[in-house]
Amino acid sequence: AEDSPRNRLWADDSLREAFIAENPAGLDADDLALVDSWQHRVAGRFLYLPHLPEWNGPALLIDEQDVGYLVHGITEPLHEAYPPLGGVWFMHTVLLPFEDRIIFDGVADMEFSPPWDYDRSACTMHRNVCDRGDAWTRLPVDATPDVARVRRGNQNVLRVFRRMSHDQSEYHTNNLAVLAETVLERMDPPVFLRDVSPDLFVQLMESGDIDRQTLYLLADFIFFREDYDLGDTLMAIWREYKNAGD
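This section reports on the structure supplied with the text. (Residues numbered from 1 in each chain as written. Predicted model: local features only at pLDDT ≥ 70, side-chain atom pairs only at ≥ 80, totals over all residues. Heavy atoms only, no water.)

In this section: a negative patch on the surface. Residues D28, D30, D31, E99 and D100 make up a contiguous surface patch of negative charge. Residue placement: E99 occurs in the loop between strand 4 (88-98) and strand 5 (101-104). The exposed category is assigned to E99, whose relative accessible area is 65%. (Patch = residues over 30% accessible without salt bridge, like charges linked within 9 Å, V, L, I, M, F, W, Y side chains within 5 Å. Areas by Shrake-Rupley, 256 points an atom, 1.4 Å probe, with all protein chains shown as cover. Salt bridge = Lys/Arg side-chain N within 4 Å of Asp/Glu carboxyl O. Lys, Arg positive; Asp, Glu negative; His and termini not counted. Charge placed at Lys NZ, Arg CZ, Asp CG, Glu CD. Helix = DSSP H or I, 4+ residues; strand = E, 2+ residues; numbered from the N terminus. Buried < 20%, exposed > 50% of the residue type's maximum accessible area, 1.4 Å probe, protein only.)

Here it is in structure tokens:
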């Protein structure tokens, strides 16, 4: 219910803060610190992918910004508490930090999405997490890209690109890997291949330091990853500069 004690607690941080200050349950300092850490909770609607082998146990929950979280159950694995029933499900819940892991608050409303609604969005959400090479195992999330994380994500997507693209994929993949390693990963902050913005693409085109064929490959690669709007935009920029130089 909307007016349940649980919902009131998460809607009003002053209740949690008053509990910590007054400590009516007589909790020790570690337990009070745990309750305090719940200020970093994440509430929302998550794509629910239970018991994926690549994540080694916890369920993968993905929010609507394509951020992935590896979530444990409280007393049993999440996939046992909410077993997969076929199709794709979304979970409405609250994620909490708990020592060295993420749990949910024990209450979840499940939403089934019929195949004609979910196929594309669910696959895209999952791929976007995999493209970045990680899902978060602790809260709060530090979303600032670091070189190791960006490099891992770039290597992941290039591995797929090499396997799935056309006959010259090895040549194209190597060119993109050089672009990632020598340019994008050295930026501050470092940039994922799939996250090159139109403004950055223009900057790369105007620098004159990067072969334009490589930048064409970059636009083609982003289109290949099914980010069609961004891929089309980058391709249009590439053609504009190419035509201006011809």
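Next comes the rest of the description.
Attention now moves to helix 8 (residues 198-207). L200, F201, L204 and M205 are the residues of helix 8 that are buried. Along the axis of helix 8, the buried residues cluster in a sector spanning 140 degrees; they form a single face. In helix 8, the exposed positions angled more than 90 degrees off the buried face are occupied by D199 and E206. Trailing helix 8 by a residue or two, G208 shows a phi angle of about 75 degrees, which is positive. (Arc of directions from axis to C-beta.)

Relative to the assigned elements, V196 resides in the loop between helix 7 (169-182) and helix 8. Exposure remark for V196: the relative accessible area of 1% places this residue in the buried category. On a C-alpha basis, the gap between V196 and L218 in space is 8.8 Å, while along the polypeptide they are 22 residues apart. The contact partners of V196, leaving out residues within four places of it in the chain, are L184, V191, F201, L218, I222, L230 and L234. (Contact = heavy atoms within 4.5 Å.)

This next bit is on the nonpolar core. Nonpolar side chains tend to gather and get buried jointly when the protein is soluble and globular. Ranked by internal contacts, the top residues of the largest apolar core, which has 28 residues, are L184, L193, V196, F201, L215, L218 and F221. Apart from the residues lying within four places of it in its own chain, the contact partners of L184 are L179, P190, V191, L193, V196, L200 and L204. Counting 16 residues, the second-largest nonpolar core is a separate cluster that includes Y48, L78, I102 and F104. (Core = buried A, V, L, I, M, F, W, Y, C linked by side-chain atoms within 4.5 Å.)

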